[in-house]
Every structure is written in C-alpha cells, then in structure tokens.
Amino acid sequence: MRPDQPAADRYADRMADTPPGSPLPSSPAPAAPSVGEAPRMPLRRLGWRRFLALAGVVLLIAACAVFMVFRLGQSLGVQALLIGVAAAILPVPVLVACFLWLDRYEPEPLKYLIFCFAWGAFVSTAASLTVNEFAANRFADWGLPDALTGVLVAPFIEELTKALGPILLLVFRRREWSGITDGLVYCGLSAVGFAMVENILYLGGYGYAAGADQYGPATGAQQVIAIFIVRILLFGFAHPLFTSMTGVGLGIAARTADRRVRVLAPIGGLLLAMMLHGTWNLLPTLTQATGQALIMLYGFLGLMVPVFFGMVGLAVWLRAWEGRLTERTLPDYVRAGWLSPPEVAALSSLGRRHAARRWARRVAGDAGVRAMRGYQFAATRLALLRDGTLRGLDRKPTDQDRSAREERELLDAITAYRSFFVGRDPQAPTGVWDGSRYHLRFPDGTQRPVDAPDEPVVPIPVVLAPAAPPVGYAPSGWPALRPPAPWPPNHP
C-alpha cells in the first residue's frame, strides 16, 4: 500500500481525528513523563517464553565471545592478540558514530544497537570462522587453492550470519523499524562488530605475529601499521558497505504491507551483499594470479567507489526523508487540534529542531530544552506510527488496537512536554490554535482570528483550543467529533 492510500475501513483516519482534551473511554490518561524522559512504545510483558528466548540469545552471544577469545588467543598468542585488539578498536568509534549520525531523528534503543554489534562481533565471526576453516580444509584435501574459500564460501556465510541478528530484530521487534535507515544502522553495526574481530586476526596474526616471528618485534610493528593503513584506513568501509545492501532490503520489508515484498526484499538485498562481497574478494585473487595490479585498482575505482558514494548518497537522502515524513503525516493532527502548523514545520529538519531547542532554552531554561527533546522524539514516533497505519501495516485487530493505544500515549506525552514551554515567550503574541486558524491577542488588547500561512516556519508552539464534549466513540476507542479543517490553507 502506498503512503497516500488510506488503510482499510478508514482505520488511520479514525486514529487521527482526535481532538485534545477529550476523556478516554476506559482508563484515565497515563501520568505525564518527567522532563528528559523519552516516551517509548509500551513494553510487552516478560513471560517465561520471552525470558527463555532472551536468556538463550544472551548465552549464545556470551558463548561465542568466549570461543572467539580462546581461538584468537590460541592462534595469535597473548601479545599479538592484545596488539591486534588495540589496533582494531581504533576505527570502531568513528564507524559507530557515522551510523548513529544517520539515526538522529528517531534514535533506536541502545539495547538493540548493542545486540547487533555484539552479534556481528561474536556470533557471526564464530560461525564464519568455523565454516571457512572447514571449507579450506576440504579444498586442501581436494587439491584446490585456498583462495577459493574467500570467493566461494566466505561471502555467503559471512553476509548471512551478519544479517541474522538484524533479521531477528525485524521478526520479533518489527515496530522498532522505521524504514531503510534503521536497516542501515542495525546491519551496519553488525558489520562493524564483525570487521573489528576480523581485523584483530589480520593485525595481530598476519601483522605482528608473522613479522615478529621472522624478523623481530620492530618488523611486526611495521606490518601492523601497513595492514592498518590498507585494511582500515583505505578499505575499512568494505564490510559495512556489503551488509548495507541487506539493510536496505530489511528496511523495505519493515515498511510494506505486501507479504511478497516482505520476503523478496530481504532475500534480494542479501544476495546483492553476497555478490558484492564475493566480487571484492575476487579482485585480489585475480591480481595475485595474473600479477596485474591494475585489476585491483580498476575494481576499486570502477566498482567499490561508485557503490560506496551511491550508498552514502542514499543514506543522506533517507535521513532527510525521515524529517520530511513529519510534514506529510502530522498535519492530520494539526487538523484534529493536537498540534499547530509551526510545530510541524519545526520538525522537518535537524536545523529547525535545533532552533526549536534554542528557543525552548530561552523561554523555559534547561527544563524546556529537555522537554523539547522529548517532544521532538515523541512527535517523530507519532509520525512513523501514522505512516504505518496509512501503509496498512496493522492488519490484525490486535495490532490496530495496540497502535491506537500507542498513539494515545504519544499524544499524551506530547501534551505533557508542551506544557513546559508553551505560551511562555514574552516576545510573541498570545495565541490559540483551534485546528483551522489562530486566535491572537495583540499588545493593544485586541483579539482576532488569523489564518495559518502557507509555509509556517516559526517554531513557537501555541495554546490549543479545548475540545467539544464527546458525542460518540469510534470502534478503536477514539472520539470522532468534527470533520478535519483544510491545512495548509488553500490546499485540498
């Protein structure tokens, strides 16, 4: 379903037509969040099945971590292992920061980010190391070159195992996925964890240990520096780039109601990641076999560099798209009287969000800044939730009820956050937004209605008009009291 198509039986429209202040049909509104507290989606009850699954995942990651430490220590030695760890960790903060930068609009829960990184670092590396060694031994028994492992086996097992962690998140925590950006972040962090541990093997084993055993510690240190420059500074983006293809497929699957796309998009992204990884591993093999260094150069410049910059461009565009999503979906809540036009405009870019936080600090101090941050986060989650209903992601009645409950909780949180800074700017006229126009009180004491401009850009929240008494409730439990007023004005 396209975003501009309504969901079945006007379910999404019933959710959005919710005037502020109306009493809830069953239970009272939840307590307002404290300043600085980011509202999250309601947690599922931790039953014994979920507890066993969570414990199993934690034990699996811990067991794989112990296995990798033992194997690397056994093959490299303690000194080479420590040197490899120290050198391999250096680029990790930079790479992690790049993926967190992509996730500025709606940051993902820290526990899921850590899970993906740990999965790639330990589970994926343990499985890949075991399979690659088994394949290398079989090729040796058959008299085939060891390089075939890097071309025919490693790309498939490594990309599959790196993607399994994010795939588990998509299956069991689909509501935490806001689209392709989240796919890039989750898969990228899994790839960064994998690359870190793999670099320990290269830097500590092929670098320091190999050089020190033949010519002494000085040569070992020189080889570590050389491998660091080539493998990390020049080609450090390789693993995240490969796995980002899978992330695109998973992100597409997370925001579509078409079951065929949900299956085919991840498979297509995974196959593309495997082919790109295999092609990259093939380049040095061909270079070594033919003695033509230009093969590696042409492959790097003709394939990897364009793909890299293409993916960077896509990521930056998607980052901006997540901001523009608020402009496309939140006007429904403007018409219903929950938000005012300037607030939606102030959410559409990081620059405007920063300006809104500066304004909140001026009128309400540090508490206002923390409230504005929470408000912006809740509004972004609300936009994603609304977009999901328009796409028809909630097909089951239980999912629809849960989305309605989440919408209510986010709107209550937004109302609580607004109370910290709304109507406190002495430099702005007192204003009330009724869902269709402003009612402003000017310094001379006069008060008159003012239409909203076509492009509201002033990030100053105003007081919202109280709702009329409810006259009935929609099946989802939400009041539907008045038809939506046109917004922006003069637009259908």
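You'll find the structure just up there.
Here's a quick rundown of the structure. (Residues numbered from 1 in each chain as written. Predicted model: local features only at pLDDT ≥ 70, side-chain atom pairs only at ≥ 80, totals over all residues. Heavy atoms only, no water.)

Quick word on a nonpolar patch on the surface
For step 1, the next point in the chain: On the surface, a cluster of nonpolar side chains totalling about 580 Å² of accessible area is made up of Val263, Leu264, Ile267, Leu271, Leu272 and Met275.
For step 2, the next point in the chain: Within the fold, Met275 resides in helix α10 (residues 259-290).
For step 3, the next point in the chain: Judged by relative accessible area, Met275 falls into the exposed class, the value being 53%. (Patch = residues over 30% accessible without salt bridge, like charges linked within 9 Å, V, L, I, M, F, W, Y side chains within 5 Å. Areas by Shrake-Rupley, 256 points an atom, 1.4 Å probe, with all protein chains shown as cover. Salt bridge = Lys/Arg side-chain N within 4 Å of Asp/Glu carboxyl O. Helix = DSSP H or I, 4+ residues; strand = E, 2+ residues; numbered from the N terminus. Buried < 20%, exposed > 50% of the residue type's maximum accessible area, 1.4 Å probe, protein only.)

Comments concerning α10
For step 1, the next point in the chain: With 32 residues, α10 ought to run about 46 Å at 1.5 Å a step, and its terminal C-alpha atoms sit 47 Å apart, in line with that.
For step 2, the next point in the chain: Residue Asp258 occupies the N-cap position of α10, its side-chain oxygen lying 2.9 Å from the main-chain nitrogen of Arg260.
For step 3, the next point in the chain: Directly after α10, the chain includes Gly291, whose backbone phi takes a positive value near 75°. (Expected span 1.5 Å × (residues − 1). Polar contact = N/O pair within 3.5 Å; in protein donor to acceptor, adjacent residues only side chain to side chain.)

What to know about the packing of aromatic side chains
For step 1, the next point in the chain: A complete count under the given rule lists nine aromatic pairs for this structure.
For step 2, the next point in the chain: For the pair Phe235 and Trp280, a centre-to-centre distance of 5.1 Å together with 75° between the ring planes defines the contact as edge-to-face. In this pair, Phe235 is assigned in the loop between α8 (217-234) and α9 (238-254) and Trp280 in helix α10, connecting sequence segments 45 residues apart.
For step 3, the next point in the chain: Judged by its relative accessible area of 11%, Trp280 falls in the buried class.
For step 4, the next point in the chain: An aromatic cluster is defined as three or more aromatic residues linked by ring pairs; in this entry it consists of Phe235, Trp280 and Phe300.
For step 5, the next point in the chain: Here the guanidinium or amino end of Arg138 rests over the ring plane of Phe134, the centre of that ring lying 4.9 Å away.
For step 6, the next point in the chain: Looking at Lys162, its charged tip hangs above the ring of Phe194, at a distance of 5.2 Å from the centre. (Phe/Tyr/Trp six-rings, centres within 6.5 Å; stacked < 30°, edge-to-face > 60°. Lys NZ or Arg CZ within 6 Å of the ring centre and 35° of its normal.)

A closer look at the pattern of salt bridges
For step 1, the next point in the chain: Scanning all chains against the criterion turns up twelve salt bridges.
For step 2, the next point in the chain: The shortest N-O distance in the salt bridge between Arg260 and Asp258 comes to 3.2 Å.
For step 3, the next point in the chain: What makes Arg260 exposed here is its relative accessible area of 62%.
For step 4, the next point in the chain: A salt bridge links Arg335 to Asp332, with the nearest nitrogen and oxygen atoms 2.0 Å apart. With Arg335 and Asp332 both in helix α12 (residues 331-335) and three residues apart, the pair spans about one turn of that helix.
For step 5, the next point in the chain: Several salt bridges share partner residues, and in doing so they unite Arg255, Asp387 and Arg391 into one network.

Overview of the side chain of Thr329
For step 1, the next point in the chain: Assignment of secondary structure puts Thr329 in helix α11 (residues 293-329).
For step 2, the next point in the chain: Residue class for Thr329 comes out buried when judged on its relative accessible area of 2%.
For step 3, the next point in the chain: Within polar-contact distance, the side chain of Thr329 engages the backbone oxygen of Leu325 at 3.0 Å.
For step 4, the next point in the chain: Contacts of Thr329, omitting those with residues within four sequence positions, involve Ala383, Arg386 and Asp387. (Contact = heavy atoms within 4.5 Å.)

Topic: the environment of Asp366
For step 1, the next point in the chain: Looking at where Asp366 falls in the secondary structure, it is placed in helix α14 (residues 350-391).
For step 2, the next point in the chain: A polar atom in the side chain of Asp366 sits 2.6 Å from the side chain of Arg361.

What to know about the environment of Thr125
For step 1, the next point in the chain: Here Thr125 shows up in helix α5 (residues 110-141).
For step 2, the next point in the chain: Sequence separation of Thr125 and Ile157 is 32 residues, and the distance between their C-alpha atoms is 9.7 Å.
For step 3, the next point in the chain: In this structure, Thr125 is in contact with Met68, Gly120, Phe194 and Val197, ignoring residues within four places of it in sequence.

Considerations on the pairing of strand β2 (residues 437-441)
For step 1, the next point in the chain: Burial along β2 is one-sided: the residues Tyr438 and Leu440 are buried and none of Arg437, His439 and Arg441 is.
For step 2, the next point in the chain: In this sheet, strand β3 (residues 447-451) lies alongside β2 in antiparallel orientation, the contact comprising five bridges. Residue pairing across strands places Arg441 opposite Gln447, the latter belonging to β3. (Pairing = 2+ DSSP bridges.)

What to know about the packing of α11 against α14
For step 1, the next point in the chain: Closest axis-to-axis distance for the α11/α14 pair is 8 Å, and the angle between their directions is 80°. By the criterion of interaxial angle, the relationship of α11 to α14 is roughly perpendicular. Contact with α11, carried on its side by Arg319, Trp321, Leu325, Thr326, Glu327 and Thr329, involves Leu350, Arg352, Arg353, Ala383, Leu384, Arg386, Asp387 and Arg391 of α14 and no other residues of that element.
For step 2, the next point in the chain: When grouped by side-chain class, the residues that make up the contact of α11 with α14 number five nonpolar, two polar and seven charged. (Axes fitted to C-alpha atoms, helices over the stretch in contact; angles between N-to-C directions. Parallel < 35°, antiparallel > 145°, perpendicular 65-115°, else oblique. Nonpolar A, V, L, I, M, F, W, Y, C, P; charged D, E, K, R; others polar.)

Thoughts on the environment of Ala273
For step 1, the next point in the chain: Considering the arrangement of structural elements, one finds Ala273 in helix α10.
For step 2, the next point in the chain: Put simply, Ala273 and Ala163 are 110 residues apart on the chain and 9.9 Å apart in space, counted from C-alpha to C-alpha.
For step 3, the next point in the chain: Beyond its immediate chain neighbours, meaning those up to four positions away, Ala273 contacts Glu159, Phe242, Met245 and Thr246.

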